[in-house]
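Listed here are the chains, written in short residue letters.
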Amino acid sequence: DVSSPKHGKVDPDNMPHVGGNMWAGGTGGRDTAGLGGKGGPYRLDAGHRVYQVSQAEKDAVPEEVKRAAREMGEKAFKRSLCEKIQMSEYDASTYERFSGAVRRQVQSLRIILDNLQ
């Protein structure tokens, strides 16, 4: 069962962790940041093979846990914007507004450049 989202412990040896409810960056687990699991607050890739839980298991996560995970993920995203790239929430929304307006054209240009290369 899932209870509440959390980051999880960081393994100093970066060993692969499958399942459980303890390690950040694990796969196929629950409640912690990782890949392929359920109920975690955000995706966190530690570079290991990903084990995926079924969609039925993901769909069975209670709505209050999903909501708490979303909120925690949004807070972590906002924090990373500020810390990693010194971008405020206003800067991010402005960037998204301008980026969204030209997204299709940029994608077309990337395809053309890839083909030319």
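Residues numbered from 1 in each chain as written. Predicted model: local features only at pLDDT ≥ 70, side-chain atom pairs only at ≥ 80, totals over all residues. Heavy atoms only, no water.

### Section: the overall build of the protein
- Looking only at helices and strands, the protein has 3 helices and 2 strands in total.
- Listed N to C, the secondary structure of the protein is β-β-α-α-α in terms of helices and strands.
- A globule of 117 residues ought to have a C-alpha radius of gyration of about 13 Å, yet the protein, at 18 Å, is considerably larger.
- Along the longest, intermediate and shortest principal axes, the C-alpha atoms of the protein span 45 × 35 × 35 Å.
- By residue count, 24% of the 117 residues in the protein fall in the buried class.
- Across the protein, the fraction of contacts at a sequence separation of at least 24, relative to all contacts at a separation of at least 6, is 36%.
- Charged side chains in the protein number 18 positive and 16 negative. The centres of these two groups are separated by 2 Å. (Helix = DSSP H or I, 4+ residues; strand = E, 2+ residues; numbered from the N terminus. Rg over C-alpha atoms; globule rule 2.2 N^0.38 Å. Buried < 20%, exposed > 50% of the residue type's maximum accessible area, 1.4 Å probe, protein only. Contact = heavy atoms within 4.5 Å. Lys, Arg positive; Asp, Glu negative; His and termini not counted. Charge placed at Lys NZ, Arg CZ, Asp CG, Glu CD.)

### Re the layout of surface pockets
- By volume, the largest pocket amounts to about 470 Å³.
- Gly34, Gly37, Lys38, Gly39 and Gly40 are, among the 30 residues lining the largest pocket, the residues nearest its centre.
- Going through the elements one at a time, strand E1 (26-27), strand E2 (34-35) and helix H2 (63-85) are the ones with two or more residues in the lining of the largest pocket.
- Element by element, the count of residues in the lining of the largest pocket is highest for H2, at 3 residues.
- Looking at side-chain class alone, the lining of the largest pocket contains 9 nonpolar, 15 polar and 6 charged residues.
- Around the second largest pocket, the lining residues are His7, Tyr42, Arg43, Leu44, Gly73, Ala76, Phe77, Arg79, Ser80, Glu83 and Lys84.
- In the lining of the second largest pocket, the residues fall into 4 nonpolar, 3 polar and 4 charged. (1 Å grid on protein atoms, 1.4 Å probe; cavity = no way out; pocket = protein on both sides within 12 Å on 5 of 7 lines; lining within 4 Å. Points joined across faces, edges and corners; volume = space filled by probe spheres on them. Nonpolar A, V, L, I, M, F, W, Y, C, P; charged D, E, K, R; others polar.)

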